[in-house]
Amino acid sequence: MWDYTDKVLDLFYNPKHQGAIEDKGEPGIKVAVGDVGSIACGDALRLHLKVEQDTEKILDARFQTFGCTSAIASSEALIELIQGKTLDEALKVTNKDIASHLGGLPEAKMHCSVMGQEALEAAIYNYRGIKREAHDDDDEGALICTCFGISESKIRRVIVENNLTTAEDVTNYVKAGGGCGSCLASIDDIIASVQQQAVTPVSASLNTNGQTSAKKLTSVQKIALIQRVLDEEVRPVLIADGGDVELYDVEGDRVKVILQGACGSCSSSTATLKIAIESRLRDRVSQNIVVEAV
Amino acid sequence: MQKNCIYLDNNATTKVDPEVVEAMLPYLTDYYGNPSSMHSFGGQVKKVVNQAREQVAALLGADESEVIFTSGGTEGDNAAIRAALLAQPQKRHIITTQVEHPAVLTLCKQLENQGYTVTYLSVNRQGQLDFNELEAALTGNTALVSIMYANNETGVVFPIEQIGVRVKEHGALFHVDAVQAVGKIPMNMKASTIDMLTMSGHKIHAPKGIGALYVRRGVRFRPMLIGGGQERGRRSGTPNVPGIVGLGKAAELELLHIQEATAREKKLRDRLEQTIIATIPDCEVNGHSTQRLPNTTNIGFKYIEGEAILLHLNKHGICASSGSACSSGSLEPSHVLRAMGIPYTILHGSIRFSLSRYTTNAEIDTVLEVMPGIVEHLRALSPFKNDEAAWLQEQEQAVIGARG
């Protein structure tokens, strides 16, 4: 039997926000629905949001979940985390927040928390009229895991967002590789590729150019270096996910960027800023750098 | 730790019979001699090992010289398959089924990497084999056919003797994994086509870690475990005397109770199954309606997931099992139900109830009392309500398509 926390069991046995929200055509109110998963894969979540249009505040949220204990508990946890928030605030909720709210999930069940995050994103995309097909998810990129229908771009995204380092981690987070296992070698390759993108190009060129952290960069050198890090290390990962980033301005250590494509309204945009961009620039350029989206 | 429960997971393991415990105890305390020793302290233990061999042979309808004690089902399956291949090095083909226990399937996959060819026979929606497929697969190069007697998940029973006749016509050895069948179906190896048969103690109210392999007299056997030459050189290693004594006693009790116990279990199982099907909508039995073990029912509850059902049952002190992925370490649902072509709508919500001679009427009543509420509660949470749901159909087809 899985080692579930008391919180997981409590929310599983006593969910309070199950069900659907009917769109009654109330003025100023919009109901949005987000679907992820499938019965074939063994878990599915339909998230319903009732949103006040003026403020974009979530007035009510409900879930319908087909899945195991942790899938149902993750759905209830998601609702508890987003009730009363604005859509922008809700988009900052990550799968890690869901897992933390539950007091943790077994590693092999982390995909349930990812499902919660994705359903939220899907519902908000639907609310905003953004076609999900344009985003990273399962429709773009090579299909890596045929058992669960998971693409390379989705695997790349979950690796970057959660700092995953093994194929087993990837399986725990998105199920890829958890079926016949024939794609595990490909997942290893993707992890290696992401890791290589994260460390190789600029650090190598830094050595070539003799620029080290001990030597203070001029403003021009600093901006040029930031631009190179973004071009060589950050953008390939974001583009693979259907997004992009553009350098807008640099004021001292404040780096202003414009998130584009899928990243512009992605639920993980905060994580993208902090993990994929800021931490990278801190490693490569200066520990004091703060990245902001404009 | 939970001590008392309504235990309906007897295909996983069974309660050790108190008479078995009693029979074993002296060999854990006072009589600890090694049966291979020359002194009388060990020699007296050898006598009880031989007695247990006779008891097991009686349950199988075999001669005691044809019984090798093992550590359980997995060792028995592995030893039989490897022995058959080592004894016929010129033959490189194995036939088995898609629904075997991993003790057979995983070994066969490994053997494929070692240059053997393996045919995995398919099953139909009722879990039964197609004889034409078996006939077509058998060749002069077939060293071994290894087919289970009864399936552990669905209880479906294969027509083993009919299969054996065809296997013998082609000169292959015939191994049967009978871990789930022994004690539930009368065995008579003397009148059988089976060359080797695996059984396990903990499925028949003996302890875990003990089992037996029947090897027909005259079948060439190359041992997997070599060393001190115990078990007439066919399974080296100091015998697990308390376990062997327990297995012997359990075999004696099974033989004593088999008719009455299986009839009683079947009655209880049928009441459980028929009442669930009659009172809970959208559920169905997975497996053949009659060619099934008397103690097993596998029921698929549409639109809900197995682990969630199990946890609710657990809250009521009821132990069962599920074919869903989430209740196991794997992310893939039951290979048995998938091989049968059970739709995902049913497969993920499949629950196995397996009874024993200890199961009572009152326990079945309790399950019948709580089950409708559990299903109703989980269906209220589910986004899938009927087969016509566009989302359900779309997604099911998409994944099936991707898998090819």
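Rules used in this analysis
Residues numbered from 1 in each chain as written. Chains lettered and ligands numbered in written order. Predicted model: local features only at pLDDT ≥ 70, side-chain atom pairs only at ≥ 80, totals over all residues. Heavy atoms only, no water. Contact = heavy atoms within 4.5 Å. Buried area = accessible area lost by both parts, 1.4 Å probe. Salt bridge = Lys/Arg side-chain N within 4 Å of Asp/Glu carboxyl O. Polar contact = N/O pair within 3.5 Å; in protein donor to acceptor, adjacent residues only side chain to side chain. pLDDT = per-residue confidence, 0-100. Helix = DSSP H or I, 4+ residues; strand = E, 2+ residues; numbered from the N terminus. Phe/Tyr/Trp six-rings, centres within 6.5 Å; stacked < 30°, edge-to-face > 60°. Buried < 20%, exposed > 50% of the residue type's maximum accessible area, 1.4 Å probe, protein only. Lys NZ or Arg CZ within 6 Å of the ring centre and 35° of its normal. Pairing = 2+ DSSP bridges. Right-handed = clockwise from strand over helix to strand, strands pointing away.

**Thoughts on the interface of chain B and chain A**
Here is step 1 of the chain: In this complex, chain B contributes 33 residues to the contact, which on the side of chain A involves 39 residues.
Here is step 2 of the chain: Note on chain B versus chain A: buried area summed over both sides is about 2,900 Å², and carbon and sulfur give 68% of it.
Here is step 3 of the chain: Across the chain B-chain A interface, the total number found is one salt bridge.
Here is step 4 of the chain: Of the charged contacts in the structure, one is a salt bridge between K109(A) and E307(B), with a shortest N-O distance of 2.9 Å.
Here is step 5 of the chain: Taken together, the links from chain B to chain A amount to seven residue pairs in polar contact (both at pLDDT 80 or more).

**Looking at the confidence of the model for chain A**
Residue and element names in this part refer to chain A.
Here is step 1 of the chain: When pLDDT is averaged along chain A, the result is 84, and 87% of the positions lie at 70 or above.
Here is step 2 of the chain: Of all the helices and strands in chain A, helix α8 (residues 184-209) carries the lowest mean pLDDT, 70, while helix α1 (residues 6-13) carries the highest, 97.
Here is step 3 of the chain: pLDDT under 50 marks residues 134-139. Its contacts with residues more than four places away, or in other chains, come to 23 contacts.
Here is step 4 of the chain: Every residue in residues 207-214 scores below 50 in pLDDT, and together they form seven contacts with partners more than four places removed in sequence or on other chains.

**Let's talk about the packing of aromatic side chains**
Here is step 1 of the chain: Evaluated as defined, the whole model comprises four aromatic pairs over all chains.
Here is step 2 of the chain: For the pair F66(A) and F384(B), a centre-to-centre distance of 5.5 Å together with 70 degrees between the ring planes defines the contact as edge-to-face. A residue pair is termed interchain when its members come from two chains, as with F66(A) in strand β3 (residues 57-66) and F384(B) in the loop between α11 (361-381) and α12 (390-403). Across the pair, exposure class does not vary: F66(A) and F384(B) are buried alike.
Here is step 3 of the chain: For the pair Y32(B) and F41(B), a centre-to-centre distance of 5.0 Å together with 75 degrees between the ring planes defines the contact as edge-to-face.
Here is step 4 of the chain: The exposure class assigned to F41(B) is partly exposed, which follows from its relative accessible area of 30%.
Here is step 5 of the chain: A cation over an aromatic ring shows up here: K30(A) above the ring of Y127(A), its NZ or CZ 4.8 Å from the ring centre.
Here is step 6 of the chain: Its guanidinium or amino end placed over the ring of Y116(B), R92(B) lies 4.1 Å from that ring's centre, counting from NZ or CZ.

**Comments concerning the pairing of strand β3 (residues 93-97) of chain B**
All names here are of chain B.
Here is step 1 of the chain: Most of β3 sits inside the fold, with five of its five residues counted as buried.
Here is step 2 of the chain: Burial of β3 is two-sided: the residues H93, I95 and T97 facing one way and the residues I94 and T96 facing the other way are all buried.
Here is step 3 of the chain: One ladder, built from five bridges, connects β3 with strand β4 (residues 117-121); its direction is parallel. Bridge pairing in β4 links T97 to L121.
Here is step 4 of the chain: Tracing the backbone out of β3, into helix α4 (residues 102-113) and back to the parallel element β4 gives a crossover that is right-handed.
Here is step 5 of the chain: Pairing geometry for β3 and strand β5 (residues 142-148), over three bridges, is parallel. Within β5, the position partnered with H93 by the bridge is T142.

**Structural notes on the environment of V285(B)**
Residues and elements named next belong to chain B.
Here is step 1 of the chain: Positionally, V285 belongs in strand β9 (residues 283-285).
Here is step 2 of the chain: The partly exposed category is assigned to V285, whose relative accessible area is 25%.
Here is step 3 of the chain: C-alpha of V285 to C-alpha of I346: the two residues are 61 residues apart in sequence and 9.6 Å apart in space.
Here is step 4 of the chain: Sequence-distant contacts of V285, defined by excluding residues within four places in its chain, comprise E273, I277, R292, T297, N298 and I299.

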